[in-house]
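Each chain, letter by letter, is given below.
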Amino acid sequence: STDWHDDYNAFKDGMEDLEVMMTNVISSAWEGISTVRAGVELLDAFYQIARRSSMKASLESKVSAVWTMFTEEVKRVKDCFEKDKG
């Protein structure tokens, strides 16, 4: 019976390690993202594999980052239109 518990604990620890590694991969993948399109593509790719709560939480913070990039881009376009209009 202790072998089963040892195996289960090793499995559980391995899953936690994988969760941390994937959360780190998600975070480091954002270092080179500078466009809304690239951000949305990353969100889509990682959303497909995010099953654990910490991975989903990491993605949620990235949604905010993409939303901020989007609103800034809309503001830049609006400013260009306003400048050309006047």
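Because the structure is a prediction, the values reported are computed rather than measured. (Residues numbered from 1 in each chain as written. Predicted model: local features only at pLDDT ≥ 70, side-chain atom pairs only at ≥ 80, totals over all residues. Heavy atoms only, no water.)

Chemist: What should I look at first to understand the packing of helix 1 (residues 2-29) against helix 3 (residues 53-85) in this one?
Modeler: Between two packed helices, what matters for the description is the angle formed by their axes and the separation of those axes. Viewed as axis vectors pointing N to C, helix 1 and helix 3 meet at an angle of 10°, and their least axial separation amounts to 9 Å. In this view, helix 1 runs roughly parallel relative to helix 3, as classed from their interaxial angle. In this structure, helix 1 uses Glu19, Met22, Thr23, Ile26 and Ser27 to contact helix 3, whose residues at the interface are Ser53, Ser54, Met55, Ser58, Leu59 and Lys62. Residues belonging to the contact of helix 1 with helix 3 are distributed by class as follows: four nonpolar, five polar and two charged. (Axes fitted to C-alpha atoms, helices over the stretch in contact; angles between N-to-C directions. Helix = DSSP H or I, 4+ residues; strand = E, 2+ residues; numbered from the N terminus. Parallel < 35°, antiparallel > 145°, perpendicular 65-115°, else oblique. Contact = heavy atoms within 4.5 Å. Nonpolar A, V, L, I, M, F, W, Y, C, P; charged D, E, K, R; others polar.)

Chemist: Just to check I follow, could you spell out the pattern of salt bridges for this structure?
Modeler: Between side chains of opposite charge, a pair can form as their charged atoms come close. Tallied over the entire structure, the rule returns three salt bridges. Where Glu19 meets Arg52, a salt bridge forms, and the shortest distance between an N and an O atom there is 3.1 Å. You can see Glu19 sitting in helix 1 and its partner Arg52 sitting in the loop between helix 2 (36-47) and helix 3, a full 33 residues away along the chain. By relative accessible area, which is 14% here, Glu19 ends up buried. With a shortest N-O distance of 3.1 Å, Glu41 and Arg37 are connected by a salt bridge. Within this pair, Glu41 and its partner Arg37 are both found in helix 2, separated by four residues, close to a single helical turn. A relative accessible area of 45% means that Glu41 is categorised as partly exposed. (Salt bridge = Lys/Arg side-chain N within 4 Å of Asp/Glu carboxyl O. Buried < 20%, exposed > 50% of the residue type's maximum accessible area, 1.4 Å probe, protein only.)

Chemist: Teacher, can you tell me more about the packing of helix 2 against helix 3 here?
Modeler: Contact geometry for helix 2 and helix 3: axes closest at 9 Å, N-to-C directions at 160°. When the interaxial angle is binned, helix 2 and helix 3 end up roughly antiparallel. Remark: the crossing between helix 2 and helix 3 carries left-handed chirality. Counting all contacts with helix 2, which are made through Val36, Gly39, Val40, Leu43, Phe46 and Tyr47, the residues of helix 3 involved are Leu59, Lys62, Val63, Val66, Met69, Phe70 and Glu73. Class assignment for the residues of the contact of helix 2 with helix 3 results in ten nonpolar, one polar and two charged. (Left-handed = near helix turned anticlockwise from the far one by under 90°.)

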